4 protein chains.
Amino acid sequence: MSTLTQMLNTHPARTGDAAAELVACIEACAECLQTCTSCADACLSEDMVSELTTCIRTNLDCADICAATASILTRQTGSNPEVVRAALEACRAACAACAEECEKHADMHDHCRVCAEACRRCEKACADLLALS
Amino acid sequence: MSTLTQMLNTHPARTGDAAAELVACIEACAECLQTCTSCADACLSEDMVSELTTCIRTNLDCADICAATASILTRQTGSNPEVVRAALEACRAACAACAEECEKHADMHDHCRVCAEACRRCEKACADLLALS
Amino acid sequence: MSTLTQMLNTHPARTGDAAAELVACIEACAECLQTCTSCADACLSEDMVSELTTCIRTNLDCADICAATASILTRQTGSNPEVVRAALEACRAACAACAEECEKHADMHDHCRVCAEACRRCEKACADLLALS
Amino acid sequence: MSTLTQMLNTHPARTGDAAAELVACIEACAECLQTCTSCADACLSEDMVSELTTCIRTNLDCADICAATASILTRQTGSNPEVVRAALEACRAACAACAEECEKHADMHDHCRVCAEACRRCEKACADLLALS
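All figures in this text were calculated on a predicted structure; none of them were measured in a lab.

Draft legend 1. Structural detail: the interface of chain A and chain C. Contacts between chain A and chain C engage 30 residues on the former and 30 residues on the latter. A buried area of about 2,600 Å², summed over both sides, lies between chain A and chain C, and 64% of it is on carbon and sulfur atoms. For the chain A face of the interface with chain C, the top three residues by lost area are Met7, Gln34 and Asp41 of chain A, together amounting to 24%. There are zero salt bridges connecting chain A and chain C.

Draft legend 2. How the structure looks around the relation of the copies chain B and chain A. Take chain B, turn it by 180°, move it 0.0 Å along the axis, and it overlays chain A with an RMSD of 0.0 Å. Taken together, the rotation angle and the small translation identify this as a two-fold axis. A high fraction, 100%, of the interface residues of chain B reappear at the interface in chain A, so the copies pair face to face through one surface.

Draft legend 3. Representation of the relation of the copies chain A and chain C in the model. Superposition of chain A onto chain C requires a rotation of 180° combined with a translation of 0.0 Å along the rotation axis, giving an RMSD of 0.0 Å. When the interface residues of chain A are mapped onto chain C, 100% of them are again interface residues, pointing to one common binding face.

Draft legend 4. Spotlight on the pattern of salt bridges. Here the structure, examined in full by the defined rule, presents 48 salt bridges over all chains. The closest approach of N and O atoms between Glu103 of chain B and Arg120 of chain B, which form a salt bridge, is 2.8 Å. Placement of Glu103 of chain B in helix α4 (residues 81-104) and of Arg120 of chain B in helix α5 (residues 110-132) is noted, with a sequence separation of 17 residues between them. Given a relative accessible area of 37%, Glu103 of chain B falls into the partly exposed group. Within this structure, Asp61 and Asp64 of chain A together with Arg75 of chain B form a network of salt bridges that share partners.

The rules we used
Residues numbered from 1 in each chain as written. Chains lettered and ligands numbered in written order. Predicted model: local features only at pLDDT ≥ 70, side-chain atom pairs only at ≥ 80, totals over all residues. Heavy atoms only, no water. Contact = heavy atoms within 4.5 Å. Buried area = accessible area lost by both parts, 1.4 Å probe. Salt bridge = Lys/Arg side-chain N within 4 Å of Asp/Glu carboxyl O. Least-squares fit on C-alpha atoms with pLDDT ≥ 70 in both. Helix = DSSP H or I, 4+ residues; strand = E, 2+ residues; numbered from the N terminus. Buried < 20%, exposed > 50% of the residue type's maximum accessible area, 1.4 Å probe, protein only.

The quantities given are spatial measurements derived from coordinates; they are silent on function.
Next up, the structure:
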């Protein structure tokens, strides 16, 4: 059992075990934050950095939203469904934009390929959680 | 002229001076981030902290979204209007939720009153910028 | 192979595979960020929240530093050893302080026990990486 | 009176008005966070971006530490002087590194000049607060 699952399952306000979709979405946000931060830095090291500036910016935007969304989802307030929903919509949009941009460079740069896959996973995890709410 | 305005006006991709609504929204997000972080801590110091836990959570959610939105708005990518719009919608929702919660305690706690005012300013600044986009 | 390892190993500036200590430290920071965010929220849900306010604050401090340190470590600049070292020192101090506080409540609250363990892992991972630098 | 000062002066755990050095340091961190985020983006828009990659990285590192330090300073815990001190040391180091890098480009890029000045102000504010502790 992951540390995150242990934390959510020992939360005093839990009602049963944490929903698998919630755990999956927090973990996807955390992974995507890490991947986008790394992809931005890898792009900065490429000789063709001047062709990757849009990629770096969408990476940074995506990392910022993923970080905020992971924290908001981890706080089990339950009392602010509009905020959670709006954060998930923003995160889904940022992941889709970043995936689309990274996919353009995936053939040439492996870091963009790995990052695009993480963005697509996070986009889907946000969509799955939105479908439940 | 504020440091932020100087930065935006020396950005190589600018077209004329930065829009007043953009500057106002970034500054409102930065103020609201600071105010919500402080209000959460002030609530933790109140004797009646057990009645302020929802306020602390909405403060933390609002601070997280304001931080992400300020960074995204500061990056003048221009190429991802959906992401900017979704971040502004999430920020507006978080500010509205936090303002509403803080207003309940504004008569009793001055920090909640000051924080609610900052949240309402940021909510309005997000709405003003959304109206332009 | 973790997504993070894949990212670091496809970075154009790598020299061989990423050091195990670097990967371990980034992953420990990410885990500790998540755990501290969750522990703060769990503490807010406890009936005895008024006795846990120091724990909530050290959780939030630790989460903030872990987030910054994970990002800094992920950027393989190599050119700013003083900044990396100072961030690791701050992260180690915050993890130690948070572990010490959470351990006081570990018998009574399982989330504090799980969180203390994550803080100790991150404290050690920072120390291990500092020993290499 | 700034909103931050109002918040700190309505904090229930205050003992007299907030120290001028504390207010100045939080405000300097917030300004430097904003300036470094903007300078990284401005550098990405320069034709000579390939010569500015170190500047972009030190900007991003500095922004991350400034954000964490501002939040930690805003939480008036008072109970974790080692963590506050270590965060201030890391922030001072990151601001010094970023100022030094931006100063190399200050003649050519106004955004680097404005950013270097903000970094130096924040470096000094951290040093002033460390001198008090």
